[in-house]
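Each chain, written out:
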Amino acid sequence: MDLHDFKDVAENYDRYLEVMYAGDQDNHENFQEFYLKLAEKYGQDGVVDIACGTGAVLLYLAERGIDVDGTDLSEEMCRVSAAKAEKMNLKLNIFPANMTTFSSGRRYSLAIIARSGFMHLPDQKLQIEALKNIREQLLPGGILTFNTFDPWPVMQAEQMATGPDDYSFRLEYVNSEGNREKIYNAISYNPYTQQLFGNWKFETYDAEGNVIDERIRPLLMRETYRSEIFLLAELCGFEVLDIYRGYNGDKEDLSDPNSAAKYKSNLIWILKKKD
């Protein structure tokens, strides 16, 4: 199991992400507006939000009249997202499925994998399976967008020296039961597999500051270099149209071979299905 498969994580996901992204420390400012613009540009024949989580993008688009379905590997995430949709009086098709095999019975003009969803595919084999399957779910000329980030050697070196009990404080928030909770990370890096792996530790406190619960949840992700994405896109029947650095509209210069060295960025890829 991965972090997002657990019921307690799904129920508190929105709460701790709000704290995590406060002040735009992870470059997520305007991310919902960014995907709305993409949906208005490319989603005229339907949008599918893959790895939709608790619905941050899915519900935002649906509220604004976009024809959108949602899917996620985690049944718990889908359950939370569906409950939120019901409260908002939105009738949506939200279903648990693996992005390597899913099919809703329809095809779309836009597929969105927001935030780090693509990075939870832990090896190239699964990345290829996912890209090929998503291609089959798209209409001719359909668009796929997903995120990666530029691997940072300094951080990789630190993570290579991190052990399973070398926890670092990440954030503090109030959980769904009204208790204060702290999150700690112990994340390592394997340069051979390009995998980030480790655990998140959740500590829950009572009103007197005593620890009343501790939960360990695993995490596994893969860092993918820009050069790999270009090769994966070509292999799986896509062409790279654009790369954005974050959600504020700044584009990479695809004609500049040194562009990758200039920024440490959250990258949003825009791929087009080849006929």
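Details of the structure are given in the entry above.
Report on the accompanying structure. In this text the structure is predicted, and so the values were computed from the model without any measurement.

A word on the pattern of salt bridges
Line of reasoning, step 1. What the rule picks out here adds up to 21 salt bridges.
Line of reasoning, step 2. Between Arg 226 and Glu 252 there is a salt bridge; the shortest N-O distance is 2.2 Å. Here the residue Arg 226 occupies a position in helix α7 (residues 226-235), and Glu 252 occupies one in the loop between β10 (238-245) and β11 (266-273), the gap between them amounting to 26 residues. For the pair Arg 226 and Glu 252, one class covers both residues: buried.
Line of reasoning, step 3. Put simply, Asp 8, Glu 181, Asp 213, Arg 215 and Arg 217 are held in one network by salt bridges that share partners.

What about unusual backbone geometry?
Line of reasoning, step 1. One non-glycine residue, Ala 51, adopts positive backbone phi at about 55 degrees.
Line of reasoning, step 2. Structurally, Ala 51 is set in the loop between β1 (47-50) and α3 (56-63).
Line of reasoning, step 3. On the basis of relative accessibility, which here comes to 25%, the residue Ala 51 falls in the partly exposed class.

A word on the packing of aromatic side chains
Line of reasoning, step 1. Considering all chains together, one arrives at 14 aromatic pairs under this definition.
Line of reasoning, step 2. Ring centres of Tyr 16 and Tyr 173 lie 5.9 Å apart, and the angle between their planes is 65 degrees; on these two criteria the pair is classed as edge-to-face. A residue pair is termed long-range when its members are at least 10 positions apart, and Tyr 16 in helix α1 (residues 7-20) and Tyr 173 in strand β6 (residues 168-174) qualify at 157 residues.
Line of reasoning, step 3. With a relative accessible area of 1%, Tyr 16 lands in the buried category.
Line of reasoning, step 4. Ring geometry for Phe 169 and Tyr 184: centres 5.6 Å apart, planes at 70 degrees, overall edge-to-face. Separated by 15 residues along the polypeptide, Phe 169 in strand β6 and Tyr 184 in strand β7 (residues 180-190) bring together distant segments of the chain.
Line of reasoning, step 5. Since its relative accessible area comes to 17%, Tyr 184 is described here as buried.
Line of reasoning, step 6. An aromatic cluster of three or more residues is present, and its members are Tyr 13, Tyr 16, Tyr 173, Trp 200 and Phe 202.

Some remarks on helix α5 (residues 124-137)
Line of reasoning, step 1. Between its first and last C-alpha atoms α5 spans 20 Å; for 14 residues at 1.5 Å apiece the expected length is 20 Å, and the two agree.
Line of reasoning, step 2. Along α5, the residues classified as buried are Gln 127, Ile 128, Ala 130, Leu 131, Asn 133, Ile 134, Arg 135 and Gln 137.
Line of reasoning, step 3. If you check the start of α5, you find a side-chain oxygen 3.1 Å away from the backbone N of Lys 125, and it comes from Asp 123.

Concerning α7
Line of reasoning, step 1. Of the positions making up α7, those classed as buried are Arg 226, Glu 228, Ile 229, Leu 232 and Ala 233. Burial along α7 is one-sided: seen end-on, the buried residues are contained in an arc of 150 degrees. More than 90 degrees from the buried face of α7, the exposed residues found are Leu 231, Glu 234 and Leu 235.
Line of reasoning, step 2. Tucked into the core, α7 has its buried residues touching α5, β5 (138-149), β9 (211-222), β10 and β11.

Here's the deal with a nonpolar patch on the surface
Line of reasoning, step 1. Side chains of Trp 152, Val 154 and Met 155 sit close together on the surface and give an oily, nonpolar patch of about 260 Å² of accessible area.
Line of reasoning, step 2. Mapped onto the elements of the fold, Trp 152 is located in the loop between β5 and α6 (153-160).
Line of reasoning, step 3. Since its relative accessible area comes to 37%, Trp 152 is described here as partly exposed.

Let's talk about the sheet that holds β10
Line of reasoning, step 1. The 7 strands are arranged β3-β2-β1-β4-β5-β11-β10 in an open sheet whose pairing can be described as mixed. A strand with exactly one partner marks an edge of an open sheet, and here the two such strands are β3 (94-96) and β10. Taking the axes of each pair of neighbouring strands and ignoring which way they run, one obtains an average angle of 20 degrees across the sheet.
Line of reasoning, step 2. Bridge count for strand β2 (residues 68-72) against β3 is 3 bridges, and the pairing is parallel. Bridging across to β3, Asp 72 finds its partner in Pro 96.
Line of reasoning, step 3. In this fold α3 packs onto β1, β2, β3 and β4 (108-113), with an angle of close to 170 degrees to the strand it touches most, β2.

Side note on the pairing of β1
Line of reasoning, step 1. Residue alternation in β1 divides its side chains into two sets, Val 47 and Asp 49 and Val 48 and Ile 50, and both sets are buried.
Line of reasoning, step 2. As paired elements, β1 and β2 share 4 bridges and run parallel to each other. Note that in β2 the partner of Val 47 across the bridge is Val 68.
Line of reasoning, step 3. Once you follow β1 into α3 and on to β2, the crossover reads as right-handed.
Line of reasoning, step 4. Across 4 bridges, the pairing between β1 and β4 is parallel. Residue pairing in the sheet places Val 47 in a bridge with Leu 110 of β4.

Criteria and thresholds
Residues numbered from 1 in each chain as written. Predicted model: local features only at pLDDT ≥ 70, side-chain atom pairs only at ≥ 80, totals over all residues. Heavy atoms only, no water. Salt bridge = Lys/Arg side-chain N within 4 Å of Asp/Glu carboxyl O. Helix = DSSP H or I, 4+ residues; strand = E, 2+ residues; numbered from the N terminus. Buried < 20%, exposed > 50% of the residue type's maximum accessible area, 1.4 Å probe, protein only. Phe/Tyr/Trp six-rings, centres within 6.5 Å; stacked < 30°, edge-to-face > 60°. Expected span 1.5 Å × (residues − 1). Polar contact = N/O pair within 3.5 Å; in protein donor to acceptor, adjacent residues only side chain to side chain. Arc of directions from axis to C-beta. Contact = heavy atoms within 4.5 Å. Patch = residues over 30% accessible without salt bridge, like charges linked within 9 Å, V, L, I, M, F, W, Y side chains within 5 Å. Areas by Shrake-Rupley, 256 points an atom, 1.4 Å probe, with all protein chains shown as cover. Pairing = 2+ DSSP bridges. Axes fitted to C-alpha atoms, helices over the stretch in contact; angles between N-to-C directions. Right-handed = clockwise from strand over helix to strand, strands pointing away.

No statement about biological role is implied by the geometric values presented.
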